[in-house]
Amino acid sequence: MDQSSGIETSDRAPLPSVDRVLATDAARVATERFGRPATVASVRARIAEARPAWRAGAAIDVSPDRIAAIALARLESEDVPSQRRVINLTGTVLHTNLGRALIAEEAIAAVTAAMRHPTSLEFRLSDGQRGERDDHVRGLLRELTGAEDAVAVNNNAAAVLLTLNSLSEGRETIVSRGELIEIGGAFRMPSIMKRAGARLVEVGTTNRTHVADYADAIGPETALLMKVHPSNYRIEGFTKEVRAAELAPLARERGLPLVDDLGSGVLVDLSHYGLERERTVQDAVADGADLVTFSGDKLLGGPQAGLVVGRADLVKRLAKNHLKRALRLDKLRLAALEATLKLYRDPDRLTERLPTLALLSRPADQLKALAGRLKRAVEAAVGPAYGVETVDLASQIGSGALPLAQIPSGGLAISAPGESGAALLRLAAAFRSLSVPVIGRIAEDRLLLDLRALDDEEALLASLRELKAAMAGEAPSCG
Ligand SMILES: *Cc1c(COP(=O)(O)O)cnc(C)c1O
């Protein structure tokens, strides 16, 4: 029943019926795109929203066309995906909040094929028997790291959890106080240990730990010795860290496994790419770590995953743990991981094919030249109220790799002369509200756009054109 009919007393247009709104062109477009039930519900809701103001006599447009247009616009805005593509100009290449590593084209193709078709995920094509899903990456991980065996799980937090639970449940794990880290997203090493059922034995002091500290702590309850990469900080000054190579002989002598949680897990010597050298997975294996844990989507440049490589007898204990079932990878990520690892067989072409390495190794000069080319477009987009200059910047790798490494970069700095931070916050919000949002960072009263992690110049230019139109349509808020 249409309640709007019959109560009309003035010469104002009545509220239209749902059927009249559905007969408009906009409603037909909405029905085509979103289906009839959603369109009817949206039209009904828009009529209901208009009713109080219309009853109160407000001069609002309640024509069927107008209501249909609003209903269509609302359906469109509700249809925008929640997880959206963005342009990362934060200066942090492996930004955890922005999804870390971009996947190589080869891996994207492998994932697409695995999504669309059945696969030999756990099926041995050679004899038709049931196979092991990790076999798709086990050989590659052995070949690339020099380890005897490997397992793959959901992420590195899961790799650490599985390792500790498999080897140290109800028993002691010895860790240096200087390595009891917390990294973002509530990953605290002591909490993970507790969840794994391992009892933590802290040795040394915050800044100094010696081999003797580990040796003195070993007792009948000790299950393993552990090292953790202090991913997001560094202790400077009067410090002493026991390196894995120094700890390995002690572990061997006492018959205890040494676990090395590397965090980022790089497989190449970064100094070949103009970066600081970071200890590689191969280094950790060669140093005598019995198990090494690392992430798939940090410097490795693959999908989210946690990898454990090391001694075959220990890896077998992890693989047999029932927790593994809850932490395992699906066929999509295994496909991406296999394809990504294969790229490492051809190190000469790695920078071309692995986006993470491509972004990290872009020369600063190239980024500064790019900043120069983009300056006009940014100026045009933000309008005369804001100042834009090209600046030298320092990018970070992110996700706990070389936490202090500053990679020279280039970009643009936007300032709002004579205004408080409010104008910059408004501008940052405008950049975030675009169809393809642009994410910069605010520092020292400027909005910085670091170009190191820019993966698509055309998309940025399109976003800048959209921003220009949005800013021009807005009443100027400052002089
Ligand atoms: C990043 C990191 C983790 C957690 O890895 P995720 O893949 O994010 O689960 C664990 N340990 C260290 C040392 C790390 O840097």
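Since the model is a prediction, treat every value here as computed from it, not as a measurement.

## Topic: the pattern of salt bridges
Side chains that carry opposite charge are capable of pairing whenever their charged atoms lie near each other.
Consideration 1: Scanning the entire structure with this criterion turns up 37 salt bridges.
Consideration 2: We note a salt bridge from E246 to R243, for which the minimum N-O separation is 3.6 Å.
Consideration 3: The partner of R311 in a salt bridge is D313, with the nearest N and O atoms 2.9 Å apart.
Consideration 4: On the basis of relative accessibility, which here comes to 30%, the residue R311 falls in the partly exposed class.
Consideration 5: Owing to a relative accessible area of 41%, D313 belongs among the partly exposed residues under this scheme.

## Quick word on the domain arrangement of the protein
Consideration 1: Assigned domains within the protein: domain 1 (18–79), domain 2 (87–95 + 360–471) and domain 3 (105–349).
Consideration 2: A straight line from the C-alpha centre of domain 1 to that of domain 3 covers 55 Å.

## Remarks on the environment of L307
Consideration 1: Topologically, L307 is positioned in strand β10 (residues 306–310).
Consideration 2: Judged by its relative accessible area of 0%, L307 falls in the buried class.
Consideration 3: The sequence separation of L307 and T239 amounts to 68 residues, and the corresponding C-alpha distance is 30 Å.
Consideration 4: Residues in contact with L307, not counting those within four places in the same chain, are L141, V151, A152, A159, V292, T293, F294, L300 and L337.

## Concerning the sheet that holds strand β15 (residues 446–450)
Consideration 1: Read from one edge to the other, the open sheet built from four strands follows the order β11-β12-β15-β14, with strand pairing classed as antiparallel. In the strand order of this sheet, the two ends are held by β11 (387–395) and β14 (441–443), each with one partner. On average, each strand axis in the sheet is inclined to that of its neighbour by 40°, with strand direction left out of account.
Consideration 2: Bridging between β11 and strand β12 (residues 407–415) involves nine bridges; their strand directions are antiparallel.

## Some words on the site of the ligand
Consideration 1: Around the ligand, the surrounding shell holds 13 residues, and the nearest of these are A157, S231, D261, S295 and K298.
Consideration 2: Contact distances for the ligand include 3.5 Å between an oxygen atom and a side-chain N or O atom of N155.
Consideration 3: Among the secondary structure elements, those contributing two or more residues to the shell around the ligand are α7 (156–168) and β8 (258–263).
Consideration 4: Looking at the shell around the ligand, its residues break down into four nonpolar, six polar and three charged.

## Observations regarding the sheet that holds β8
Consideration 1: If you trace the seven strands from one edge of the open sheet to the other, you get β2-β10-β9-β8-β7-β3-β6, paired in mixed fashion. Across the chains shown, the open sheet's two edge strands, defined by having one partner strand only, are β2 (149–153) and β6 (199–203). Averaged over all pairs of adjacent strands, the angle between strand axes in this sheet comes to 25°, irrespective of strand direction.
Consideration 2: Packing against the sheet, helix α12 (residues 312–320) makes contact with β2, β9 (291–295) and β10, and its axis sits at approximately 25° to β2.

Parameters at a glance
- Residues numbered from 1 in each chain as written.
- Predicted model: local features only at pLDDT ≥ 70, side-chain atom pairs only at ≥ 80, totals over all residues.
- Heavy atoms only, no water.
- Salt bridge = Lys/Arg side-chain N within 4 Å of Asp/Glu carboxyl O.
- Buried < 20%, exposed > 50% of the residue type's maximum accessible area, 1.4 Å probe, protein only.
- Domains from an automatic or database assignment.
- Helix = DSSP H or I, 4+ residues; strand = E, 2+ residues; numbered from the N terminus.
- Contact = heavy atoms within 4.5 Å.
- Pairing = 2+ DSSP bridges.
- Axes fitted to C-alpha atoms, helices over the stretch in contact; angles between N-to-C directions.
- Near = heavy atom within 4 Å.
- Polar contact = N/O pair within 3.5 Å; in protein donor to acceptor, adjacent residues only side chain to side chain.
- Nonpolar A, V, L, I, M, F, W, Y, C, P; charged D, E, K, R; others polar.

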